[in-house]
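The chain contents come next:
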Amino acid sequence: MRLFYIALGATAGVLIVRRLTRAAQQFTPEGVARNVSGAGKGLSGAVTGFVDEVRAGMAEREYELRSALGIDQGGTAS
């Protein structure tokens, strides 16, 4: 019966150490870089999406202002 508990404790210890090591690797410079650049997801994907939305909003607002002021796309007054 003691052998069972020794094996159970050793297995639990190994699993805990592996999970802690994996979690600690996420906070190393390489892990942070991997999470930031993670194939279009994560922080870089969110920032890219935000920038795209801001640019679209800016273009729409510029069009509205040009229309309201009677300025064509060439930059000359009509």
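Predicted, not measured: the structure shown is a model, and the values here were computed from it.

A.B. asks: Any details on the overall build of the protein? Residues and values, ideally.
C.D. replies: When helices and strands are tallied, the protein shows three helices and zero strands. N-terminal to C-terminal, the α/β element order of the protein is α-α-α. Burial statistics for the protein: of 78 residues in total, 3% are counted as buried. Carbon and sulfur atoms make up 65% of the accessible area of the protein, which totals about 6,900 Å².

A.B. asks: Tell me what's going on with the pattern of salt bridges, and back it up with residues and numbers.
C.D. replies: Inspection of every chain in the model, using the stated rule, returns two salt bridges. Of the charged contacts, one joins R61 and E64 as a salt bridge, the two residues approaching to 3.3 Å between their closest N and O atoms. Taken together, the residues span about one helical turn, with R61 and E64 both in helix 3 (residues 43-69) at a distance of three residues. For E64, a relative accessible area of 36% gives the class partly exposed. The closest approach of N and O atoms between E62 and R66, which form a salt bridge, is 3.3 Å. With a gap of four residues between them, E62 and R66 both fall in helix 3, about one helical turn apart. Among the residues examined, R66 registers a relative accessible area of 21% and is labelled partly exposed.

A.B. asks: Go over a nonpolar patch on the surface, please, and point to the residues and values.
C.D. replies: Nonpolar side chains collect at one region of the surface, where V47, F50, V51, V54 and M58 lie side by side and expose about 440 Å² of accessible area between them. Along the chain, V51 falls in helix 3.

A.B. asks: Can you explain the packing of aromatic side chains? Please cite residues and give values.
C.D. replies: For the structure on display, the rule yields one aromatic pair. Geometrically, the ring pair formed by F4 and Y5 is edge-to-face, given 5.3 Å between the ring centres and 70° between the ring planes.

A.B. asks: Quick rundown of the confidence of the model for the protein? Include the residues and the values.
C.D. replies: Summarising the model, the protein shows a mean pLDDT of 83, and 82% of its residues fall at 70 or more. For the protein, helix 2 (residues 29-36) is the element with the lowest average pLDDT, namely 78, and helix 1 (residues 2-25) is the one with the highest, namely 92.

Parameters and conventions
- Residues numbered from 1 in each chain as written.
- Predicted model: local features only at pLDDT ≥ 70, side-chain atom pairs only at ≥ 80, totals over all residues.
- Heavy atoms only, no water.
- Helix = DSSP H or I, 4+ residues; strand = E, 2+ residues; numbered from the N terminus.
- Buried < 20%, exposed > 50% of the residue type's maximum accessible area, 1.4 Å probe, protein only.
- Areas by Shrake-Rupley, 256 points an atom, 1.4 Å probe, with all protein chains shown as cover.
- Salt bridge = Lys/Arg side-chain N within 4 Å of Asp/Glu carboxyl O.
- Patch = residues over 30% accessible without salt bridge, like charges linked within 9 Å, V, L, I, M, F, W, Y side chains within 5 Å.
- Phe/Tyr/Trp six-rings, centres within 6.5 Å; stacked < 30°, edge-to-face > 60°.
- pLDDT = per-residue confidence, 0-100.

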